[in-house]
Amino acid sequence: QVQLVESGGGWVEPGGSLRLSCAASGSISSINIMGWYRQAPGNQRESVARITSGDITVYAASVKGRFTISRDNAKNTLYLQMNSLKHEDTAVYYCNRLIYYNGRYLASGSWGQGTQVTVSS
């Protein structure tokens, strides 16, 4: 199994930007769907965005228009560009591989440490 390591989180003022990276220990070219998730304190983990090998993207309504998911197969890296950040975006962000199984998109890999994003003024 390819290991995924998140990085790029930090503290930012509302309205600011961050770019998160998800570095894979091996090739991601064969992974059809990858995505970002986040979990705020006291909340369940939620899907933020996903992307297919054909660059088809889907975003949660709460981040659409502000976040951009992308992948660079040559660098074995998944990215999440986060703009116009809000207090509500504060969470630990995780990446994972997804599968489409029985009509649902499911995270199929193990969860890493994630990277903390804190938006505050």
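Everything below is about the structure printed above this text.
Because the structure is a prediction, the values reported are computed rather than measured. (Residues numbered from 1 in each chain as written. Predicted model: local features only at pLDDT ≥ 70, side-chain atom pairs only at ≥ 80, totals over all residues. Heavy atoms only, no water.)

1. Here's the deal with the overall build of the chain
Then step 1. The secondary structure content of the chain amounts to zero helices and eleven strands.
Then step 2. Over its C-alpha atoms the chain spans a radius of gyration of 13 Å, differing by no more than 12% from the 14 Å that the globule rule assigns to 121 residues.
Then step 3. Its C-alpha atoms give the chain principal-axis dimensions of about 40 × 30 × 25 Å.
Then step 4. Of the contacts made within the chain by residues no fewer than 6 positions apart, 55% connect residues no fewer than 24 positions apart. (Helix = DSSP H or I, 4+ residues; strand = E, 2+ residues; numbered from the N terminus. Rg over C-alpha atoms; globule rule 2.2 N^0.38 Å. Contact = heavy atoms within 4.5 Å.)

2. Comments concerning the side chain of Arg 38
Then step 1. With respect to the element layout, Arg 38 can be found in strand β4 (residues 33–39).
Then step 2. Among the residues examined, Arg 38 registers a relative accessible area of 5% and is labelled buried.
Then step 3. At a separation of 3.4 Å, a polar atom in the side chain of Arg 38 contacts the side chain of Ser 62.
Then step 4. Apart from the residues within four sequence positions on either side, Arg 38 is in contact with Gln 44, Arg 45, Glu 46, Val 48, Ser 62, Val 63, Phe 67, Glu 88, Asp 89, Ala 91, Val 92 and Tyr 93. (Buried < 20%, exposed > 50% of the residue type's maximum accessible area, 1.4 Å probe, protein only. Polar contact = N/O pair within 3.5 Å; in protein donor to acceptor, adjacent residues only side chain to side chain.)

3. Describing the pairing of strand β1 (residues 4–7)
Then step 1. Residues Leu 4 and Glu 6 line the buried face of β1, whereas the alternating positions Val 5 and Ser 7 sit on a face that is not buried.
Then step 2. Of the strand pairs in this sheet, β1 and strand β3 (residues 18–24) are connected by four bridges, and their pairing is antiparallel. What sits directly across from Ser 7, in β3, is Ser 21. (Pairing = 2+ DSSP bridges.)

4. Some thoughts on the state of the cysteines
Then step 1. Counted by the stated rule, this structure contains one disulfide.
Then step 2. Between the sulfur atoms of Cys 22 and its disulfide partner Cys 95 the distance amounts to 2.0 Å. Judged by the sign of its S-S torsion, about 70°, the bond between Cys 22 and Cys 95 is right-handed. Linking Cys 22 in strand β3 with Cys 95 in strand β9 (residues 91–101), this pair joins segments that are 73 residues apart in sequence. One exposure class covers both Cys 22 and Cys 95, and it is buried. (Disulfide = S-S within 2.5 Å.)

5. So, the sheet that holds strand β7 (residues 67–72)
Strand pairs in the sheet, formed through backbone hydrogen bonds, run parallel or antiparallel to each other.
Then step 1. On the basis of which strands lie adjacent, the open sheet formed by four strands has the order β1-β3-β8-β7 and antiparallel pairing. Looking at strand neighbours, the two that pair on one side only are β1 and β7, the edges of this open sheet. Put simply, the sheet's adjacent strands are angled 15° from each other on average, direction ignored. (Axes fitted to C-alpha atoms, helices over the stretch in contact; angles between N-to-C directions.)

6. Focus: the packing of aromatic side chains
Then step 1. Under the definition given, this model contains three aromatic pairs.
Then step 2. Taking the centre distance of 5.1 Å and the plane angle of 90° together, the rings of Tyr 37 and Trp 111 count as edge-to-face. With a gap of 74 residues between them, Tyr 37 in strand β4 and Trp 111 in the loop between β10 (104–107) and β11 (115–119) connect regions that are remote in the sequence.
Then step 3. The interplanar angle of 50° and the centroid separation of 4.7 Å between the aromatic rings of Tyr 100 and Tyr 105 together place this pair among those described as tilted.
Then step 4. By way of ring pairs, the aromatic residues Tyr 37, Tyr 94 and Trp 111 are connected into one cluster.
Then step 5. Sitting above the plane of the Trp 111 ring, Arg 45 keeps its charged end 3.7 Å from the centroid.
Then step 6. The cationic tip of Arg 50 hangs over the ring face of Tyr 105; the distance from NZ or CZ to the ring centre is 3.7 Å. (Phe/Tyr/Trp six-rings, centres within 6.5 Å; stacked < 30°, edge-to-face > 60°. Lys NZ or Arg CZ within 6 Å of the ring centre and 35° of its normal.)

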